[in-house]
Amino acid sequence: MCTVLSAQTHNIKGRITDESSTAIQYATVTLQTCDSAIVKGTVTDSTGIFLLTDINNGEYIFTASCIGFNTYTKNITVDNNDTDMDNITLHASDNMIDEVEIKGRSFIRKEGHALIIPDKKQVRHAYSAYDLLANMMIPGIDIDRQNGEVKNFTGTVSMYINGIKADTREVMALRPKDIEKVEYHDAPTGIYSNENAVINFIVRQYDMGGYISLDGKQTIGYLNGDYNAAAKIVKGSTNYKFFGGHAMSKTSFTSEEYEYAALTDNPVQRENITKAGLDKNNSQYVRFDMQNSTQKRTLTGKLSLIRNSTPRNESEESITYRTMHGTTGSDAYGKNSQTGWMPNAVFTGNFNLKSNQTLITYLDASYSRNDYDRTYSENGFKSKTEAKEDFYKALASFVYNIGLKKNNMLTVQLNHMYQNSRMAYTGDYDEKQHFWSAETFLYINYNQQISKKISLYAHAGFSSLQYKLSNRNTQNRIGPRFNVRIMAQPASNQFLQVALDVSSTYPTMDKLNDMPQTLSPLMTMRGNPDLDNSIVLQGNAGYSAQFGPVNIMTAASYYFMNKATVADFFIDSGKIISTYANAGVQLANIMAEATWKITPALNIKAKGQWLHTYMNGKESRSTNTWIGNFSADYYLKAWKINLYASLPCKIIDTQLFRKDFDYKANYGLSLSWNNRGWSVEAGTNNPFTKDAAPVITIADNNYTCAQHLHNNSMQQTAYVKVAYTFDFGKQTSKESNDTGRNINSAILKAY
């Protein structure tokens, strides 16, 4: 017999995980009477925690369910006390996620972010997670599948997998059929609060079996290849993974460059025609991972070795000088090479302290050995720079989360990063440099549910930076960190947010490096150790909605930096000095985007954007830019056709705010075939355009430059990609590969 008594109300709480103790997000939790009448329902949060409030005394049927798992059911009794269900484990079902047909809405707004469930066609016609994101056409984000970049209207979108931050290689290695859901946090809170925006892949876990995966991509038109292998073995609560890869490219180029230097006594016009240029690069990586999980904690260790090399980057040039004294000509030859090695160790611990409390610890330590060599000759003028560097880096992070009543959450995060660079220069300048920095971040984040439709998020903290360059005093910088955001969901298909953010940024180590490097008889480059930190003020507002098969998003933002790091040019001893300075910068951005699922087989996406940039330093400048993009996907059984196009536009370099890129229209198409473990894709970029390279300009009172680079990677190109994954034993999720190919360095380099 099942009864419900009216009396004092109580709460039911708990945490839902899978068999590897990984939290299951957005699992559905319901409480029913014995005659199946629903009393209460909710979904788990990002840590797997749920809370049912205002429950009367009585007997109930408790149910927890999630796509890809068997449903958990238990009879419970509420009797004058709160009920703690502790940890509930859901077991994987026999049906794979790609065999499930989603019948309801697949785009759901929930608590400040979007939850998207990919359909069968989107999963089948994707090999990597970037492919799947592109197929899903999420409003407000742009995906570069080839380079593994995801951005929204305010900047870079960070990638996470099951709540753990990932890099490009990791996301590329994800198998789409293992991705159950995708979260898009356009208003990030909690453990994501320090990010601009977040994509979090909810990936299915397995406990037995293994796999071997191979993939390769080769470009047609110039030499550019990327080849990767991965393997995984799972044995009980422990899994072992191996990754390895090799990438290479070889491009040829020509260019025309026109420079003007406003030298006091003798202004110079310099015309540089590159008759033949060659750029050759390659990189390799290997990595071994080990992970062990229990119900209370998950421990992960990663060891990797990365090598990057540019053995040849050279150009043969014809130079013409025009001054008040006449015109002269000369030939020039430039060459640079660089090599870097980096062993890296990463250790992560995820601890479930209680049903509503978690602690995440992270330690990342690396050592880099970098060699850089540049030579330049022009008639009787010769320049040489050779640098050898030892670079040490360590990062420690601690994140504590506690779930409070009514779905509120408190997060405390402490980060500390230490960097140490020792450089030895020979050539034009013989000198040794030592540079170290130590940076600490402390944040406290709180999320308050004001009502069923409105929530408030607040984030406060500070960052502290110390750094020292050889023969200079130690510098100390402290900056504020504050964010407040109001989020409203007026209807289940609509979301609105308004946010204000105050933060600070610091110049990078290479920009502070004041070691001079002679580029030509006309110019010398060096950093500026006197650069200051900048206060950043940002406000934005966004609205998104789903109306049947149409998703729309509109957004506007304003961004201000009082001391941004910008490129700077001044005259010293009859030469142009290329360096960096602080200047005020303002950015205004308005965007509108829509996706339309015309039929189950035909999806389209279109975006329009306006961007205004204003810089106020020793001189003022402003630009206005219009951007437009279009993409269409058509599915036919095992085949998929993609068409894309973007309008010509002029974009300012938002890193240094002096360089403009004048882009031509960009377009292309691809045809892919996916079946069982095979994925084959062929595509072409700009098939009817002989030269799609942008025109690059620099404008300064002392120096102007216009360059048109003709690179065979920016012309009519095609590519072929082939990939295959073989599962053995019980099916196992294709593991993440977070081995990046970037190597840390503080050397200021000329390219």
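Structural data are supplied above this passage.
Fair warning: this is a prediction, and the values are worked out from it, not measured in the lab. (Residues numbered from 1 in each chain as written. Predicted model: local features only at pLDDT ≥ 70, side-chain atom pairs only at ≥ 80, totals over all residues. Heavy atoms only, no water.)

Enquirer: Please provide a residue-by-residue account of the overall build of the chain, values included.
Expert: Counting secondary structure elements, the chain contains four helices and 44 strands. Against the compact-globule benchmark of 27 Å for 751 residues, the chain has a radius of gyration of 28 Å, which places it among compact chains. C-alpha extents for the chain along the principal axes are approximately 105 × 55 × 45 Å. By residue count, 52% of the 751 residues in the chain fall in the buried class. Nonlocal contacts in the chain, meaning residues at least 24 apart in sequence, comprise 65% of its contacts between residues at least 6 apart. Carbon and sulfur atoms provide 56% of the accessible area of the chain, an area that totals close to 33000 Å². Of the charged side chains in the chain, 75 are positive and 71 negative; the average position of the first set lies 3 Å away from that of the second. (Helix = DSSP H or I, 4+ residues; strand = E, 2+ residues; numbered from the N terminus. Rg over C-alpha atoms; globule rule 2.2 N^0.38 Å. Buried < 20%, exposed > 50% of the residue type's maximum accessible area, 1.4 Å probe, protein only. Contact = heavy atoms within 4.5 Å. Areas by Shrake-Rupley, 256 points an atom, 1.4 Å probe, with all protein chains shown as cover. Lys, Arg positive; Asp, Glu negative; His and termini not counted. Charge placed at Lys NZ, Arg CZ, Asp CG, Glu CD.)

Enquirer: Tell me about the sheet that holds strand β4 (residues 49–55), residues and numbers included.
Expert: Backbone hydrogen bonds hold the strands of a sheet together, and the pairing may be parallel or antiparallel. Strand order in the open sheet formed by three strands is β4-β1-β7, with mixed pairing between adjacent strands. Every other strand in the sheet has two partners, leaving β4 and β7 (83–89) as the edge strands with one partner each. Strand-to-strand twist across the sheet, computed as the mean angle between neighbouring axes with direction ignored, equals 15 degrees. Sheet analysis places strand β1 (residues 10–17) next to β7, joined by five bridges and oriented parallel. Its bridge partner being in β7, isoleucine 12 is matched across the sheet by threonine 83. (Pairing = 2+ DSSP bridges. Axes fitted to C-alpha atoms, helices over the stretch in contact; angles between N-to-C directions.)

Enquirer: So what about the pairing of strand β13 (residues 158–161)? Which residues, and what values?
Expert: Neither face of β13 is exposed, since Ser158 and Tyr160 on one face and Met159 and Ile161 on the opposite face are all buried. Summarising the sheet, β13 and strand β16 (residues 198–203) pair through four bridges and their orientation is parallel. Bridge assignment links serine 158 to a residue of β16, and that residue is valine 198. Linking β13 back to strand β14 (residues 164–166) in an antiparallel pair, the connection comprises two residues, with asparagine 162 at a positive phi of about 50 degrees.

Enquirer: Describe the state of the cysteines, and please don't skip the residues or the numbers.
Expert: For the structure on display, the rule yields zero disulfides. Free of any disulfide, cysteine 705 has its nearest cysteine sulfur in cysteine 649, 20 Å distant. The exposure class of cysteine 705 is buried, given its relative accessible area of 10%. (Disulfide = S-S within 2.5 Å.)

Enquirer: Run through the pattern of salt bridges, naming residues and quoting values.
Expert: On inspection of all chains with the given rule, the structure shows 20 salt bridges. The salt bridge involving arginine 270 is made with glutamate 378; its shortest N-O contact spans 3.1 Å. Taken together, the residues arginine 270 in strand β20 (residues 268–293) and glutamate 378 in strand β23 (residues 357–378) connect sequence positions 108 residues apart. No difference in accessibility class separates arginine 270 from glutamate 378, as the two residues are buried. Across the salt bridge formed by arginine 472 and aspartate 530, the nearest N and O atoms sit 3.5 Å from each other. (Salt bridge = Lys/Arg side-chain N within 4 Å of Asp/Glu carboxyl O.)

Enquirer: With reference to specific residues and values, describe the environment of glutamate 386.
Expert: Structurally, glutamate 386 can be placed in strand β24 (residues 381–403). A relative accessible area of 24% means that glutamate 386 is categorised as partly exposed. Along the chain, glutamate 386 and threonine 168 lie 218 residues apart, while their C-alpha atoms are 31 Å from each other. For glutamate 386, the contacting residues outside a window of four places in its chain are Tyr372, Asp373, Ala424, Tyr425 and Thr426.

Enquirer: Before we move on, can you summarise the nonpolar core with the specific residues and values?
Expert: Residues Ile138, Met159, Ile199 and Phe201 are the most contacted members of the largest nonpolar core, which totals 25 residues. Elements with a contribution of two residues or more to this core: β9 (113–116), α2 (129–136), β13, β15 (179–185) and β16. Beyond its immediate sequence surroundings of up to four residues, isoleucine 199 is in contact with Leu133, Ile138, Ile141, Val157, Ser158, Met159, Tyr160, Val182, Glu183 and Tyr184. Membership of the second largest hydrophobic core comes to 19 residues, among which are Ile12, Ala27, Val29 and Leu52. (Core = buried A, V, L, I, M, F, W, Y, C linked by side-chain atoms within 4.5 Å.)

Enquirer: Which residues make up the side chain of aspartate 131, and what values do they have?
Expert: In this structure, aspartate 131 sits in helix α2. In this structure aspartate 131 touches Ala126 and Arg145, once residues within four positions along its chain are discounted.

Enquirer: If you had to explain a nonpolar patch on the surface to someone new, which residues and values would you point to?
Expert: Taken together, the side chains of Phe398, Val412, Leu414, Leu442, Ile444, Phe462 and Ile478 present a nonpolar region at the surface, about 600 Å² in accessible area. Taken together, the elements giving at least two residues each to the nonpolar patch come down to β25 (409–427) and β26 (431–449). With respect to the secondary-structure elements, valine 412 resides in strand β25. Overall, valine 412 belongs to the partly exposed group, its relative accessible area being 30%. (Patch = residues over 30% accessible without salt bridge, like charges linked within 9 Å, V, L, I, M, F, W, Y side chains within 5 Å.)

Enquirer: Talk me through unusual backbone geometry; I want residue IDs and the actual numbers.
Expert: Backbone geometry places aspartate 54, a non-glycine residue, at a positive phi of 60 degrees. If you trace the backbone, aspartate 54 turns up in strand β4. Exposure remark for aspartate 54: the relative accessible area of 52% places this residue in the exposed category. A positive phi angle is found at aspartate 86, which is not glycine, with a value near 60 degrees. Along the chain, aspartate 86 turns up in strand β7.

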